[in-house]
Amino acid sequence: MQKDFRNAVQFSHLLLKENIEVGDLVIDATAGNGHDTKYLAELVGVDGKVFAFDIQEKAIAKTKELLEMNDLADRAELILDSHAEINQYLSQKISAVIFNLGYLPGGNKEIITKSESTIAALKQSIELLKKNGVVILVIYSGHSGGEEEKKVLLDFASALDYKKFNVLNYEFLNQPGPPPQVLAIKKRI
Ligand SMILES: C[S@@+](CC[C@H](N)C(=O)[O-])C[C@H]1O[C@@H](n2cnc3c(N)ncnc32)[C@H](O)[C@@H]1O
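All figures in this text were calculated on a predicted structure; none of them were measured in a lab.

A. Summary view of the site of the ligand. Contacts to the ligand come from 24 residues, most closely from Thr30, Asn33, Asp36, Asp54 and Gln56. Measuring from a nitrogen atom of the ligand, one finds a side-chain N or O atom of serine 82 at 3.1 Å. Here a nitrogen atom of the ligand and a backbone polar atom of histidine 83 are 2.9 Å apart. Coverage of the ligand by the protein amounts to 96% of the 610 Å² it exposes when considered alone. Its atoms largely coinciding with the cavity grid, the ligand occupies the largest pocket.

B. Representation of the environment of serine 12. Structurally, serine 12 is set in helix α1 (residues 8-19). For serine 12, a relative accessible area of 1% puts it in the buried group. Sequence separation of serine 12 and phenylalanine 165 is 153 residues, and the distance between their C-alpha atoms is 18 Å. In terms of polar contacts, serine 12 uses its side chain to reach the backbone carbonyl oxygen of valine 9, at 2.7 Å.

C. Layout of the packing of helix α5 (residues 115-128) against helix α6 (residues 146-158). α6 packs onto α5 with a crossing angle of 30 degrees between their chain directions and a minimal axis gap of 9 Å. As the angle between them shows, α5 and α6 are arranged roughly parallel. You can see that α5 and α6 cross each other, and the crossing is right-handed. Note on element contacts: α6 touches α5 through Glu148, Glu149, Val152, Leu153 and Phe156, opposite Ser115, Thr118, Ile119, Leu122, Lys123 and Ile126. Here the residues of the contact of α5 with α6 sort into 6 nonpolar, 2 polar and 3 charged.

D. View of the layout of surface pockets. In this structure, the largest pocket spans a volume of roughly 580 Å³. Lining of the largest pocket is provided by 30 residues; of these, Thr30, Asn100, Leu101, Gly102 and Tyr103 occupy positions nearest its centre. Breaking the lining of the largest pocket down by element, the ones donating at least two residues are α1, α2 (35-44) and β2 (49-54). Considered class by class, the residues forming the lining of the largest pocket number 12 nonpolar, 14 polar and 4 charged.

E. How the structure looks around the nonpolar core. One finds Ile27, Leu122, Val135 and Leu137 to be the most contacted residues of the largest nonpolar core, which totals 27 residues. If you list the elements that add at least two residues to this core, you get β2, β4 (94-100), α5, β5 (129-139), α6 and β7 (181-187). When residues of this core are assigned to their parent elements, the largest contribution, 5 residues, is made by α5. Non-local contacts of leucine 122, meaning those with residues more than four positions away in its chain, are made with Phe99, Val135, Leu137, Leu153, Phe156 and Ile185. Residues Ile20, Val26, Ala96 and Val182 belong to the second largest nonpolar core, which totals 24 residues.

Rules behind the numbers
- Residues numbered from 1 in each chain as written.
- Predicted model: local features only at pLDDT ≥ 70, side-chain atom pairs only at ≥ 80, totals over all residues.
- Heavy atoms only, no water.
- Near = heavy atom within 4 Å.
- Polar contact = N/O pair within 3.5 Å; in protein donor to acceptor, adjacent residues only side chain to side chain.
- Areas by Shrake-Rupley, 256 points an atom, 1.4 Å probe, with all protein chains shown as cover.
- 1 Å grid on protein atoms, 1.4 Å probe; cavity = no way out; pocket = protein on both sides within 12 Å on 5 of 7 lines; lining within 4 Å.
- Sits in = over half its atoms within 2 Å of the grid points.
- Helix = DSSP H or I, 4+ residues; strand = E, 2+ residues; numbered from the N terminus.
- Buried < 20%, exposed > 50% of the residue type's maximum accessible area, 1.4 Å probe, protein only.
- Axes fitted to C-alpha atoms, helices over the stretch in contact; angles between N-to-C directions.
- Parallel < 35°, antiparallel > 145°, perpendicular 65-115°, else oblique.
- Left-handed = near helix turned anticlockwise from the far one by under 90°.
- Contact = heavy atoms within 4.5 Å.
- Nonpolar A, V, L, I, M, F, W, Y, C, P; charged D, E, K, R; others polar.
- Points joined across faces, edges and corners; volume = space filled by probe spheres on them.
- Core = buried A, V, L, I, M, F, W, Y, C linked by side-chain atoms within 4.5 Å.

Set out below in C-alpha cells:
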C-alpha cells in the first residue's frame, strides 16, 4: 500500500502516464531542468514528440543534457521561447501539456512564470488539445507573485464549461507552508 498520498509532482506524473500513449505529441511548457521533458519523452516513445519551451538558455541546455544522457534527444524539440508563443510553433492536435510553474530550481529565483504569459499559454494549450487530452499545472504559491498566478489560473479554470472540460484541483489542506498543488483540465469533446 502507498504510504502517503502522492505529492504534486508525483500526481502530475500519474496523470501524464494515464493520458499519454506511444506516438503522441505533447508539450512541456516549462522545461526547467528537464525532468518533465524526460518523463514525457519516455511516455511518447520513438514515434512521439515532446515540444519543450523555456525562456532561459540555461534551462534549455540542462534539458538537452538530460535527454542526451538518456538517449532521448531525438524525441524532443527544445524551444528557447515563451510558452505564450506556443501557436507560433505548432498547430497539430496534442494529448497533454504540463506546466511546472515558479522558478528554475538551482537557478535565478527572480525569473518566474507570470500569470499573463501562463494564462495566454493555457488558453492556447486547451485549444490544441484533442478529445480526452489534458493540461496539467503544478502551481507553487510560496514565492512572490505565486499567489496571484494561482488565483488567475483557478479563476480561469473554475469558469470553464463543465460540458466541455473536466477540471480538477489536487491540494493538500493541512501542510505547513503553501505546498504545491495540481490543477488539471481534461477536454471532454
Ligand atoms: C519550476 S521550473 C520547471 C521545472 C521543470 N519542469 C523540470 O522538470 O525540471 C519553471 C521554469 O519555467 C520557466 N519559465 C518562466 N517563464 C516562462 C515562459 N514564459 N515560458 C516558458 N518557460 C518559462 C523558467 O525559466 C523555469 O525554468
